[in-house]
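Read off the chains here:
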Amino acid sequence: AVAGSTVELACGAQGDPVPRVQWHKERGDLPWGRHEVDREHTLRLYAVMPADAGTYVCTAQSQLGTAAASARLRV
């Protein structure tokens, strides 16, 4: 990603019961005040900077189990 741009990371999770979806960064925290997660579980990172580079993990959890997927961001 280009520094200063907005990045979107999608996470598709379905099930019955509906799973609870959470995003986190493997090493560190999500950028404070510069991220949001929408109803479709897409993580948006605003005004990305080199410190935001790393691996982001989407975890979906329900009574039936847990599934996770990751994406690596380079700035």
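Residues numbered from 1 in each chain as written. Predicted model: local features only at pLDDT ≥ 70, side-chain atom pairs only at ≥ 80, totals over all residues. Heavy atoms only, no water.

An unreviewed UniProt entry annotates the protein chain as ROBO2 protein originating from Pygoscelis papua. Under Subcellular location (unreviewed entry), UniProt gives the following word-for-word description of the protein chain: "Cell membrane". (UniProt positions renumbered as here; feature names shortened; annotations may be inferred.)

S.K.: Where do I start with the overall build of the protein chain in this structure?
M.R.: The secondary structure content of the protein chain amounts to 0 helices and 6 strands. When the helices and strands of the protein chain are placed in sequence order, the string is β-β-β-β-β-β. Seen through its C-alpha atoms, the protein chain measures out along the principal axes to roughly 40 × 20 × 20 Å. Within the span of the protein chain, comprising 75 residues, buried residues form 31% of the whole. Intrachain contacts of the protein chain at a sequence separation of at least 6 include 53% that bridge at least 24 residues. Carbon and sulfur atoms form 49% of the exposed surface of the protein chain, whose accessible area is close to 5200 Å². (Helix = DSSP H or I, 4+ residues; strand = E, 2+ residues; numbered from the N terminus. Buried < 20%, exposed > 50% of the residue type's maximum accessible area, 1.4 Å probe, protein only. Contact = heavy atoms within 4.5 Å. Areas by Shrake-Rupley, 256 points an atom, 1.4 Å probe, with all protein chains shown as cover.)

S.K.: Just to check I follow, could you spell out the UniProt feature "domain: Ig-like" (unreviewed entry) in the protein chain for this structure?
M.R.: Within this numbering scheme, the UniProt entry marks residues 1-75 as carrying the feature "domain: Ig-like" (unreviewed entry). Measuring from the first to the last C-alpha atom of residues 1-75 gives 5 Å, for a span that is 0% helix and 44% strand.

S.K.: Help me understand the state of the cysteines, please; the structure alone is not making it clear to me.
M.R.: Such a bond, covalent and formed between the sulfur atoms of two cysteines, is termed a disulfide. Evaluation of the coordinates by the stated rule reveals 1 disulfide. Here Cys-11 connects covalently by a disulfide to Cys-58, the sulfurs 1.7 Å from one another. Between Cys-11 and Cys-58, the S-S torsion sits near -65°, and that sign places the bridge as left-handed. Here the residue Cys-11 occupies a position in the loop between strand S1 (7-9) and strand S2 (20-25), and Cys-58 occupies one in strand S5 (residues 54-62), the gap between them amounting to 47 residues. Classification of Cys-11 by relative accessible area gives buried; the value is 11%. (Disulfide = S-S within 2.5 Å.)

S.K.: Mind showing me how you'd approach the pairing of S5 here?
M.R.: As a general feature of sheets, a regular strand has side chains that alternate between the two faces. Bridging between S2 and S5 involves 6 bridges; their strand directions are antiparallel. Following the sheet pairing, Val-21 is matched in S5 by Ala-60. Of the pairings in the sheet, the one linking S5 to strand S6 (residues 65-73) comprises 9 bridges and is antiparallel in character. Bridge pairing in S6 links Thr-55 to Arg-72. Counting the residues in the hairpin turn of S5 and S6 gives 2 residues. (Pairing = 2+ DSSP bridges.)

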